[in-house]
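The residues making up each chain are set out below.
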Amino acid sequence: MPVLPRLLAVTAVLLCAPFGAGAGRHASSDTMASAPTVQPSLQPGGVWLSRLAPAANPKVLELAVSAMQCAQASGVGAGARRLAVIDYSRPSLKPRLWVFDLAAGRLLYEEVVAHGQGSGENMATRFSNLDGSHQSSLGLFVTADTYTGKNGYSLRMRGLEPGVNDAAMARAIVMHGAPYVDPTQGQRMGRLGRSWGCPAVRSAVAKPMIDLLKDGQFVFSYYPDQAWLTRSALLKCPSARKTLAREPKAMTSTSG
């Protein structure tokens, strides 16, 4: 299995600022404390994740697992116990962030999540690795440390895909809570409020979610962008290539 390049983390000096209005803490979904569990060792790829999160696209979950396994094969995140999957092909007003406990075989969160102001309105269609683009980035990230800044308690993420998300540290693309991630206000606006590229979540769940995801866990951000899927490091994994081959239309973008 090909080895992912090991990237050096760059100390973030910028904070991800919010864009758009909206306040409040209306719960779009709660911690899935009573969700059923499955035994990961008995289920291949993302199949067992699909059983935990039936609303998620199973092919996206399978790609997330394949990308994670590629990284772990090179020694990155070898001890990871949790995986967050963001499906940016879904509208911002719908849950599109799932956090899984891989060791326990449990779904921990199913939540809405904001995308960058430069990525689109209710639907995200544009993604970038460039500073100042205010766009979200795709691909696989491994989480780093936490800090408290302009947006409160925040989680640094290190992008593992060269040219796709490896500027995340320098751009300060971090997970944080934000009052504009409010589905009630979003219904009036026609979308959630937007960040400057950060995957911002509801303030009510930010701290416990970040604490679960900090220090060497994985975050996988997906959109059916053909350019990314063609060059992504996850395509070096045989299992990922098989997933893409089975669903060529679903994994092909016709926009941005």
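Refer to the preceding data block for the structure.
Each chain carries its own residue numbering, running from 1 in the direction its sequence is written. Owing to the predicted nature of the model, reporting of local features is limited to residues with pLDDT of at least 70; listing and counting of side-chain atom pairs is limited to 80 or more, with chain, interface and lining totals taken over all residues. As a rule here, side-chain values come from all non-hydrogen atoms in the structure, and water together with hydrogens is ignored.

Asker: Honestly, the pairing of strand 1 (residues 82–87) in this entry has me stumped. Any pointers?
Answerer: Side-chain direction in a regular strand flips from residue to residue, so the side chains alternate between the two faces of the sheet. Within strand 1, six of the six residues are buried, which leaves it mostly tucked inside the rest of the structure. Burial classes: relative accessible area under 20% of the type maximum marks a residue as buried, over 50% as exposed, and values in between as partly exposed (1.4 Å probe, protein chains only). Labels follow the DSSP assignment, with helices taken as runs of H or I lasting at least four residues and strands as runs of E lasting at least two, numbered in each case from the N terminus. Residues Arg82, Ala84 and Ile86 line one face of strand 1 and the alternating positions Leu83, Val85 and Asp87 line the opposite face, and both faces are buried. As paired elements, strand 1 and strand 2 (residues 97–101) share five bridges and run antiparallel to each other. Residue pairing for strand 2: Arg82 is matched across the bridge by Asp101. Strands pair, by our definition, only if DSSP identifies at least two bridges between them. Pairing of strand 1 with strand 8 (residues 218–222), which is carried by five bridges, proceeds in the parallel orientation. Bridge pairing links Asp87 to Tyr222 in strand 8.

Asker: Please clarify how helix 2 (residues 58–73) should be interpreted in this entry.
Answerer: Residue pairs three or four apart in sequence face the same way in an α-helix, which turns once every 3.6 residues. In this model helix 2 runs 23 Å from its N-terminal to its C-terminal C-alpha over 16 residues, within 8% of the 22 Å that 1.5 Å per residue would give. Restricting attention to buried positions, one finds in helix 2 the residues Lys59, Val60, Leu61, Glu62, Leu63, Ala64, Val65, Ser66, Ala67, Met68, Cys70 and Ala71. A 3.5 Å cut-off defines polar contacts: any pair of N or O atoms within that distance qualifies, except that in protein one atom must be a possible hydrogen donor and the other a possible acceptor, and neighbouring residues in sequence count only when both atoms are side-chain atoms. The opening residue of helix 2, the one whose side-chain oxygen lies 2.9 Å from the backbone nitrogen of Lys59, is Asn57. Phi for Gly75, located one or two positions after helix 2, is positive at around 95°. Helices are assigned an expected span. That span is 1.5 Å times one less than the residue count.

Asker: For this particular structure, what's the right way to read the environment of Leu49?
Answerer: Mapped onto the fold, Leu49 is located in helix 1 (residues 47–52). Note: C-alpha distance between Leu49 and Gly105 (56 residues apart in sequence) is 7.9 Å. Residues contacting Leu49, with those up to four places away along its chain left out, are Leu61, Val65, Leu83, Phe100 and Leu102. Contact between two residues is taken to exist if any of their heavy atoms lie within 4.5 Å; hydrogens are not considered.

Asker: Explanation requested: the sheet that holds strand 3 (residues 106–111) in the structure shown.
Answerer: Spatially, 3-2-1-8-4-5-6-7 is the arrangement adopted by the eight strands of the open sheet, whose pairing is mixed. Both edges of this open sheet fall to strand 3 and strand 7 (200–202), since each of them pairs with a single strand only. Along the sheet, successive strands turn relative to each other by an average axial angle of 30°, direction set aside. Sheet analysis places strand 4 (residues 139–149) next to strand 8, joined by four bridges and oriented antiparallel. Within strand 8, the residue paired with Val142 across the bridge is Phe218. To get an axis, fit a line to the C-alpha atoms, keeping to the stretch in contact for a helix; angles then go from 0 to 180 degrees between the N-to-C directions. Packing of helix 2 onto the sheet brings it into contact with strand 1, strand 2, strand 4 and strand 8, and relative to strand 8 it is tilted by some 135°.

Asker: Would you mind showing me how to read unusual backbone geometry here?
Answerer: Trans is the common state for peptide bonds, and a negative phi is the common state for residues other than glycine. With phi around 55°, His134 is a residue other than glycine that occupies positive phi space. By relative accessible area, His134 is classed as partly exposed at 21%. Unlike most non-glycine residues, Asp215 shows phi in positive territory, near 65°. In this structure, Asp215 sits in the loop between helix 5 (203–213) and strand 8.

Asker: Teacher, can you tell me more about the packing of aromatic side chains here?
Answerer: Pairs of aromatic rings are described using the distance from one ring centre to the other and the angle between the two planes. Pairs were defined over the aromatic rings of Phe, Tyr and Trp, the Trp ring being its six-membered one, requiring ring centres within 6.5 Å. Orientation was assigned from the angle between planes: stacked under 30 degrees, edge-to-face over 60, tilted for the rest. Within this structure, the stated rule accounts for four aromatic pairs. A centroid spacing of 5.6 Å and a plane angle of 40° characterise the contact between Tyr88 and Phe127, whose relative ring orientation is tilted. Of this pair, Tyr88 sits in the loop between strand 1 and strand 2 while Phe127 is found in the loop between strand 3 and strand 4, placing the two residues 39 residues apart along the sequence. Looking at Tyr88, the relative accessible area reads 1%, which means it is buried.

Asker: Can you help me understand the environment of Leu102 in this one?
Answerer: Of note, Leu102 is situated in the loop between strand 2 and strand 3. A relative accessible area of 13% means that Leu102 is categorised as buried. C-alpha separation for the pair Leu102 and Ala80, spaced 22 residues apart in sequence, amounts to 8.2 Å.

Asker: Help me understand the pairing of strand 8 in this model?
Answerer: For strand 8, the tally of buried residues reaches five of five residues, placing the bulk of the element in the interior. Burial of the side chains of strand 8 extends over both faces: Phe218, Phe220 and Tyr222 are buried on one face and Val219 and Ser221 on the other.

Asker: Would you mind showing me how to read helix 5 here?
Answerer: Burial in helix 5 covers these residues: Val205, Ala206, Met209, Ile210 and Leu213. Viewed end-on, helix 5 has its buried residues packed into an arc of 130°, placing them on one side of the element. Asp215, located one to two residues past helix 5, shows a positive phi value of around 65°. Within this analysis, the arc is defined by the directions that extend from the helix axis to the C-beta atoms.

Asker: Is there a simple way to explain the nonpolar core in this structure?
Answerer: A general trend in soluble globular proteins is that nonpolar side chains are found buried together. Remark: nonpolar core denotes a set of buried residues (Ala, Val, Leu, Ile, Met, Phe, Trp, Tyr, Cys) joined through side-chain atoms within 4.5 Å. With 55 residues, the main nonpolar core has Leu83, Phe100, Met209, Phe218 and Phe220 as its most contacted residues. When residues of this core are assigned to their parent elements, the largest contribution, eight residues, is made by helix 2. With residues up to four places along the chain from it excluded, the contact list for Phe100 reads Leu49, Leu52, Ala53, Leu61, Arg81, Arg82, Leu83, Val85, Arg106, Leu107 and Leu108. If you look at the next biggest cluster of nonpolar residues, it comprises eight residues, including Leu93, Ala114, Leu192 and Ala200.

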